[in-house]
Amino acid sequence: MIEHVSMVCSSSKKSRKFYEAVLKPLGYECDMEYGDSFGFKDAQWRHDFWVTKGKTKTPTHIAFLAKNKKQIDEFHAAALKASGENNGKPGPREDYAGYAAFVLDLDGNNVEAVIWEGTPVSKKKAKKK
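Residues numbered from 1 in each chain as written. Predicted model: local features only at pLDDT ≥ 70, side-chain atom pairs only at ≥ 80, totals over all residues. Heavy atoms only, no water.

J.: Explain the packing of aromatic side chains residue by residue, including any values.
T.: Aromatic ring pairs are defined here through the distance separating the ring centres and the angle between the ring planes. On inspection of all chains with the given rule, the structure shows six aromatic pairs. Taken together, a centroid distance of 5.1 Å and an interplanar angle of 80 degrees make the contact between Phe49 and Phe64 edge-to-face. With a gap of 15 residues between them, Phe49 in strand β4 (residues 49–53) and Phe64 in strand β5 (residues 61–65) connect regions that are remote in the sequence. Taken as a pair, Phe49 and Phe64 share a single burial class, namely buried. (Phe/Tyr/Trp six-rings, centres within 6.5 Å; stacked < 30°, edge-to-face > 60°. Helix = DSSP H or I, 4+ residues; strand = E, 2+ residues; numbered from the N terminus. Buried < 20%, exposed > 50% of the residue type's maximum accessible area, 1.4 Å probe, protein only.)

J.: Lay out the pattern of salt bridges with the relevant residues and their values.
T.: The full count for this structure, using the stated rule, is six salt bridges. For Arg46, the salt bridge goes to Asp48, with nearest N and O atoms at 3.7 Å. Connected via shared salt-bridge partners are Arg16, Glu20 and Glu33. (Salt bridge = Lys/Arg side-chain N within 4 Å of Asp/Glu carboxyl O.)

J.: Quick one: what's the story with the sheet that holds strand β3 (residues 37–41), residue by residue and with numbers?
T.: With respect to topology, four strands assemble into an open sheet ordered β1-β4-β3-β2, the strand pairing being mixed. Each of the sheet's edge strands pairs with one partner strand only, and the pair in question is β1 (5–9) and β2 (29–34). Sheet twist, expressed as the average angle between the axes of neighbouring strands with direction ignored, equals 25 degrees. Taken together, the four bridges between β3 and β4 define a ladder with antiparallel strand orientation. Each residue of the ladder has a partner; that of Phe40, found in β4, is Phe49. (Pairing = 2+ DSSP bridges. Axes fitted to C-alpha atoms, helices over the stretch in contact; angles between N-to-C directions.)

J.: Talk me through the sheet that holds strand β6 (residues 85–93); I want residue IDs and the actual numbers.
T.: Here four strands make up an open sheet; going across it, the order is β5-β8-β7-β6 and the pairing mixed. The sheet is open, and its two borders are formed by β5 and β6, each paired with just one other strand. If you compare each strand with its neighbour and ignore which way they point, the axes differ by 15 degrees on average. Where β6 and strand β7 (residues 97–104) come together, five bridges link them in antiparallel fashion. Bridging from a neighbouring strand, Glu85 pairs with Leu104 of β7. Docked against the sheet, helix α2 (residues 69–81) engages β6, β7 and β8 (110–115), running at close to 10 degrees with respect to β7. (Contact = heavy atoms within 4.5 Å.)

J.: Any details on the environment of Ala63? Residues and values, ideally.
T.: Along the chain, Ala63 falls in strand β5. Residues Ala63 and Val111 lie 48 residues apart in sequence; the distance between their C-alpha atoms is 5.9 Å. For Ala63, the residues in contact, after removing those within four places along its chain, are Glu112 and Val114.

See the structure below:
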């Protein structure tokens, strides 16, 4: 089990504001600060997501589990309002997830909110062995 993830950002303070807005619909709250790093806690009070200042190199992808479609829609809208870039509007994802949305954060990281319930069945037939 992953305990926490740190997202390296060119400006942790700007990224803190971005992620405060984006993760609020998913139940996250930023309430921990350690130097230029900021910890976000989930509904179980686990600080499993951090933003920290550093040199950004290759953008990464991180997905947050949502409870319902409404949270994903609000996540996506909040990201766009907070200067994020659309990287996949909210909706079902064939061969992937029941419902998901993707945005690029201020450093080009691909951030996703997803639910697995109602995951569409692939239209491709499974190969028989």
